[in-house]
Each structure stands twice: as structure tokens, then as C-alpha cells.
Amino acid sequence: MGKIKIGVIGVGGIAQGVHLPGIEQCGDLVLTAICDIDEEKLQKIGEKYGIEPAFRFTSHHELLACPEVEAVDICTPNDCHFHIAMDAASAGKPYAVEKPITMTAEEADILALHTQKMGVKNMVCFSYRFKTAARCGRDYIQRGLLGEIYHVSMQYLQSWGLPESNRPLAWRFMKERAGSGAFGDLGCHALDLVRFVTGKDYLKIISQADTYTKERPLPDGSGMGTVDVDDYCNYLAQLEDRITASFQITRFGYGRGNYQRMEVFGSKGALIYTLDNNRPNSDELDICIGPAANETKTYHKLDRFPSQYNSDQMQSFADIINGNGDGLAADIEDGRINQHACDAVIQSFEEERWIKLSKL
């Protein structure tokens, strides 16, 4: 099959840092069109990637109507995901969408139903599903090497929100654009990763969150603006099969870049998955399996992984379109389940109580 002609909607930070380089490196995708409401940024990225001016759009409707575009990658702020993905599904074009997929669980239900009705292939960009160490850990758990799973401890820590960074009031600090703060940005990833490796759904959640920095400089330098989202979020969850999980999410983790640590404890073993620990963007897996390891309290760091655990996000999207995906990438149903859990976390820290989730 020929290369899939893809259009990217939203060419901001996540597109420039992850999606556009990923498309460029993927042998089955070719960047054909781009779209952004910021025309200066649009032209700059268009020049960088050699996109013809006729395929640089300021309206996602125009990009979706372009017959040359065969699939789309949605990399906009959170409040745009729902409407653009709905339009992509209506246009019959496969889409990848950044997380969280919508602003509410109600929107997620509508989007999932519409996507399924239109028969459109799709992928939700829960990017840590593509980490080799996470996939290896998941396989060990699913094969029963850890026995019955008891506990999961998950941290996702960044430092870029600290006052010394003097970050301006970008959309990630605005509830109407982002839905929530550190939780929606990082915590939804954590929810998905724990569900991914355990294979179990959430039953109930309780959480606590707060904002340390109440104001940030306006981007135009005209003064200060109010921050109305969380800077950190801690939550506990009960999953199926009596698995308990604890989560610590923050943008105020001094000295942390994009740090993740997930510990999983079972009846026959345990594992520790880390990201960005000793080297930026490097994922690692330590295992403690069997009586001897338990008696000596010894964890062993895996220094190599079988090739079966290697994966790539944009290549996975191409594989899904071509009908040969491995089934491990998140789809719109995974995104819907995640959004219901996200809503439960937000409701819990707003109402200060346990929230039960219905089986979807």
C-alpha cells in the first residue's frame, strides 16, 4: 500500500515535540497538510516541513474537506478535541486524537458512539502505552508472573509549574480550555497506564487537589491572570479484583522533567516501571519475581527487552488504518472509559467524597 496522506490539526507544542517528528519518521505516513488558527505559526511549520501553501489551513473544516487528506492527527488544546474529532468521523476520515479526548464523559459517550456508527478507524494518543518497559511489564502481569495483583503505586511528576519558571497564563492553566490542570494533563495518562498494565477497570475513586500559584503573567505582559485549575492531584482508586491504586500527580515536583514511577505488587512478584529517571525520556523496568528474590529483597533491572515489546505511536496509527494494528494502542472506547474515570476524579476533589463508576 502507498503512504497514508495525513493532515495535522494544531501545530503547537505537542505536535512539534511528538507528532510531527513521529510522522516524519514513520515509513507509512506522509505529512500532506497542516492546520492552525495561529497563521504565523502555521506558516513557520509549513516552511519547516515543506508543506505547500495550498495545504496550510486556518480552518479544520477546510483541511477535512481536502481530498488529498486521508487521515488526521488532532493535536489541539483539550476544548477543541470533541468537535474536531466529531467532524473527522462525519467526514469518514481516520483520526488520532490527543488526550483527554473530550471535556466531559457525556461528550466522550457521544464521540465514541458517532465514531463507531461511522465506522471510522481511530486512535487515542495515550503515548506511554508505546513505552517498551510498560509493554513488557504489562505482559508479565497478564501472563501471571506476578500472581494476584494487590497494589499499584503511580507517580507522574513534572516541575515546569514551579513559581521560579514564571510560566505565563497559557491554556493549560484555564479550566474552560483544559478542563482541569495537572490532573487532566498528566493524571489521565496515569489512569490509562495503570488500566493498561493491569487490564482492570476502575470501580471507585477519591481524590484531593489544590492550586499553589493562583495567578500567572498574562501572555501579552499586560498584568496577571487567575489560574483556576489544579497544580497537583492525589487520588486513590479501587479496581476490579480488589486491586488498590494510589496516584500522585504534580507540576511542582522539583527537579523532575517528565518523571513517571509505577510500582506493581502481586502475590508472586513485583515490578517497577520508570520513565525519565536516569536519562531523559528513557524507560526502565526492574523486577522482583519468585521466592528467592523476595527473601533477599532483590530487584533486577532488565538491561534489554525482546523486540516484541518495541512500538511507536505514529506507526501504530498507520498500522490501525492499514488493518494490522497490534490491539494495544488506545482506541475511542478506551478514551471514553478514561474520561469517565477523569470525571470521577474531578467530581471527587470538588465534592470531597468517594465516587463510584458504573460498568461501561
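For the structure itself, look to the data block above.
Described in the following lines is the structure provided in the data block. Quick caveat: nothing in here was measured; it's all calculated off a predicted structure. (Residues numbered from 1 in each chain as written. Predicted model: local features only at pLDDT ≥ 70, side-chain atom pairs only at ≥ 80, totals over all residues. Heavy atoms only, no water.)

**Structural notes on the environment of Y273**
So, step 1. Looking at the secondary structure, you find Y273 in strand β14 (residues 269–275).
So, step 2. Distance from Y273 to E263, taken between C-alpha atoms, is 6.4 Å for residues ten residues apart in sequence.
So, step 3. Leaving out residues up to four positions away in the same chain, Y273 has contacts with Y128, K131, A133, A134, L193, Q260, R261, M262, D283, E284 and L285.
So, step 4. A distance of 2.9 Å separates the side chain of Y273 from the side chain of Q260, its partner in a polar contact. (Helix = DSSP H or I, 4+ residues; strand = E, 2+ residues; numbered from the N terminus. Contact = heavy atoms within 4.5 Å. Polar contact = N/O pair within 3.5 Å; in protein donor to acceptor, adjacent residues only side chain to side chain.)

**A closer look at the nonpolar core**
So, step 1. Core analysis: the largest hydrophobic core is formed by 103 residues, its most contacted members being Y95, Y202, Y235 and F247.
So, step 2. Broken down by element, this core gets its largest block of residues, ten residues, from helix α8 (residues 182–198).
So, step 3. Contact partners of F247, with chain neighbours within four places excluded, come to M154, A190, L191, V194, Y202, C233, N234, Y235 and A237. (Core = buried A, V, L, I, M, F, W, Y, C linked by side-chain atoms within 4.5 Å. Buried < 20%, exposed > 50% of the residue type's maximum accessible area, 1.4 Å probe, protein only.)

**Thoughts on the pairing of strand β12 (residues 244–250)**
So, step 1. As paired strands, strand β7 (residues 149–157) and β12 are joined by seven bridges and run parallel to one another. Bridge pairing in β12 places L157 opposite T250.
So, step 2. Pairing analysis gives seven bridges linking strand β11 (residues 232–239) to β12, with the strands arranged antiparallel. Opposite Q238, over in β12, you have T244 as the bridge partner.
So, step 3. The loop that links β11 with its antiparallel partner β12 comprises four residues; one of these, D241, has a positive phi angle of about 60°. (Pairing = 2+ DSSP bridges.)

**Concerning the packing of aromatic side chains**
So, step 1. Under the defined criterion, the tally for this structure stands at seven aromatic pairs.
So, step 2. Centre to centre, the rings of W160 and F173 are 5.6 Å apart; their planes meet at 55°, and the pair counts as tilted. Taken as a pair, W160 in the loop between β7 and α7 (175–178) and F173 in the loop between β7 and α7 lie far apart in primary sequence, 13 residues in all. Here W160 matches F173 in class, with each residue buried.
So, step 3. Seen in terms of ring centroids, F183 and Y235 are 5.5 Å apart; in terms of plane orientation they differ by 90°. Their pairing is edge-to-face. (Phe/Tyr/Trp six-rings, centres within 6.5 Å; stacked < 30°, edge-to-face > 60°.)

**Section: the sheet that holds strand β2 (residues 29–35)**
So, step 1. In space, the six strands of this open sheet follow the order β3-β2-β1-β4-β5-β6, with parallel pairing throughout. The open sheet has two edge strands, β3 (56–57) and β6 (122–124), and neither has a second partner.
So, step 2. In the sheet, strand β1 (residues 4–9) pairs with β2 via six bridges, with the strands oriented parallel. Residue pairing for β2: I9 is matched across the bridge by C35.

**Quick word on the pattern of salt bridges**
So, step 1. Counted by the stated rule, this structure contains 25 salt bridges.
So, step 2. R129 is the partner of D334 in a salt bridge, and the nearest nitrogen-oxygen pair spans 3.8 Å. Here R129 lies in the loop between β6 and α6 (132–142) and D334 lies in helix α11 (residues 332–351), a separation of 205 residues in the sequence.
So, step 3. You can call D334 buried: its relative accessible area is 13%.
So, step 4. Taken together, the shared-partner salt bridges in this structure form one network comprising R129, D192, R195, D201, E240, D334 and K359. (Salt bridge = Lys/Arg side-chain N within 4 Å of Asp/Glu carboxyl O.)

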